[in-house]
Each structure stands twice: as structure tokens, then as C-alpha cells.
Amino acid sequence: SVKDVALETAPSGVMIADADGVITYANGAAHEVFGFDAGRLVGQELAGLCRDRRAAEGALSSARLGTPWRGEIMGNRLASPPFHLGMTLSRAGGDGILCIANDITARKRVEEAVALDESRLEALWVLDQMADATDAELVTFKLDQAVRLTQSRRGDLCLIHISEPTRHRSNS
């Protein structure tokens, strides 16, 4: 039927689970999202596809009660590290649960890159406003920003080193 073709060719992962959260149907995109061979998602628990099982169980409970859940959660993929998963859960007929799943890792990387660029621009704007700052204030600001923007622990050590008084050895 047209509905079957639509489900099977949908670009998003579409899964249907029973009242216990066990998958009874999964389209090809769902298998791709989670790294399973065709047909292997059937029989798996929906909550088991998520890194935070407790959060996934809460989302499933919401859907079971008739309140759709939509959000982002870390997904588990076979033989790969966890990934960012956009997921929608809702009740589907009787006791079934409909799950729409998308790998949103690329979008999250872009969001992180944009946030980093915004932080860099903010730091440059503040630096531009520091025309009357001393060299020591400029160095401290630049190192603080380097640590903040890179989340580097080495930068923290550098700040400690620079702020410590210099001790000179006498050659006597």
C-alpha cells in the first residue's frame, strides 16, 4: 500500500513498539540510524537504544499515557560511540508506541561550532574595548579566554605559572 511505501522510504527512522516498549516494526532508516542490519531492530527494546535508559523509560511512560514526547537524547549505535539522537514518541493506536528517530550529530556539531565562533567574537569585542589595559591585564585576559574557549587544563597551569612571582637564583 501507499502507507507501507511511505513508511519504508521515509528519511527518518520510524519504529513501532508494543506497550512494553519492544519494537515490532522498524523501517530501513531506523536500522541505519542505529547501525543494525535489516530486520534486526524488531524484538529490541526502544529504551535500550538510548544511552540514558532511565530518561528513555520516562519518555516512553509519557507516550504510554498519551502525552507525546519530543526531545534529544544520546543514542546507542552498534559498534560505534554514542550519538546525538532526535526522537519523538507518541501513542499509536491501542497500546502501541510510535517512535520517529533521527541522528542529529551533524546538526549538534554545527551548533557547537557556531557557539564557539560567537564566544570568539565576544572575546575579540571585549579585547577591542581594552585600549587602556596594562600589558599584564591583556595577557591575563587573553589567557583566560584561551582557557575558556579551548576548555584546556594546560591553560590553567599556564595562568598559575605566569601569576607566580619569579624567583631568581643567585650565583654566590
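Residues numbered from 1 in each chain as written. Predicted model: local features only at pLDDT ≥ 70, side-chain atom pairs only at ≥ 80, totals over all residues. Heavy atoms only, no water.

**Re helix α3 (residues 53-64)**
In this model, α3 (12 residues) spans 16 Å end to end at C-alpha, consistent with the 16 Å of a helix rising 1.5 Å per residue. Along α3, the residues classified as buried are Ala56, Ala59, Leu60, Ser62 and Ala63. Around the axis of α3, the buried residues are gathered within 155° of arc, so they sit on the same side. Where α3 is buried, its residues meet β3 (69-75), β4 (83-92) and β5 (96-103). Following α3 by one or two positions, Gly66 adopts a phi angle in the positive range, close to 95°. (Helix = DSSP H or I, 4+ residues; strand = E, 2+ residues; numbered from the N terminus. Expected span 1.5 Å × (residues − 1). Buried < 20%, exposed > 50% of the residue type's maximum accessible area, 1.4 Å probe, protein only. Arc of directions from axis to C-beta. Contact = heavy atoms within 4.5 Å.)

**Brief notes about the pattern of salt bridges**
Inspection of every chain in the model, using the stated rule, returns seven salt bridges. Among the ionic pairs, Asp103 bridges to Arg77, the shortest N-O distance being 2.5 Å. Linking Asp103 in strand β5 with Arg77 in the loop between β3 and β4, this pair joins segments that are 26 residues apart in sequence. By relative accessible area, Arg77 is classed as partly exposed at 21%. A network of salt bridges, in which partner residues are shared, links Glu72, Arg107, Lys108 and Glu111. (Salt bridge = Lys/Arg side-chain N within 4 Å of Asp/Glu carboxyl O.)

**Structural notes on the packing of helix α4 (residues 105-128) against helix α5 (residues 135-150)**
α5 packs onto α4 with a crossing angle of 175° between their chain directions and a minimal axis gap of 11 Å. Taken as axis vectors, α4 and α5 run roughly antiparallel relative to one another. For the pair α4 and α5, contact is made by Leu116, Ser119, Arg120, Ala123, Val126 and Leu127 and by Leu138, Phe141, Lys142, Gln145, Arg148 and Leu149, respectively. Looking at side-chain class alone, the contact of α4 with α5 contains seven nonpolar, two polar and three charged residues. (Axes fitted to C-alpha atoms, helices over the stretch in contact; angles between N-to-C directions. Parallel < 35°, antiparallel > 145°, perpendicular 65-115°, else oblique. Nonpolar A, V, L, I, M, F, W, Y, C, P; charged D, E, K, R; others polar.)

**Comments concerning the packing of aromatic side chains**
Under the counting rule described, the total for this entry stands at one aromatic pair. Over the ring of Phe83 we find Arg77, and its NZ or CZ is 3.9 Å from the ring centre. (Phe/Tyr/Trp six-rings, centres within 6.5 Å; stacked < 30°, edge-to-face > 60°. Lys NZ or Arg CZ within 6 Å of the ring centre and 35° of its normal.)

**Side note on the nonpolar core**
One finds Met15, Phe34, Leu41, Leu46, Leu49, Leu85 and Leu89 to be the most contacted residues of the largest nonpolar core, which totals 25 residues. Ignoring any residue separated from it by four or fewer positions in sequence, one finds Leu49 in contact with Met15, Ile23, Phe34, Phe36, Leu41, Gly75 and Asn76. Membership of the second largest hydrophobic core comes to five residues, among which are Ala123, Ala133, Leu138 and Phe141. (Core = buried A, V, L, I, M, F, W, Y, C linked by side-chain atoms within 4.5 Å.)

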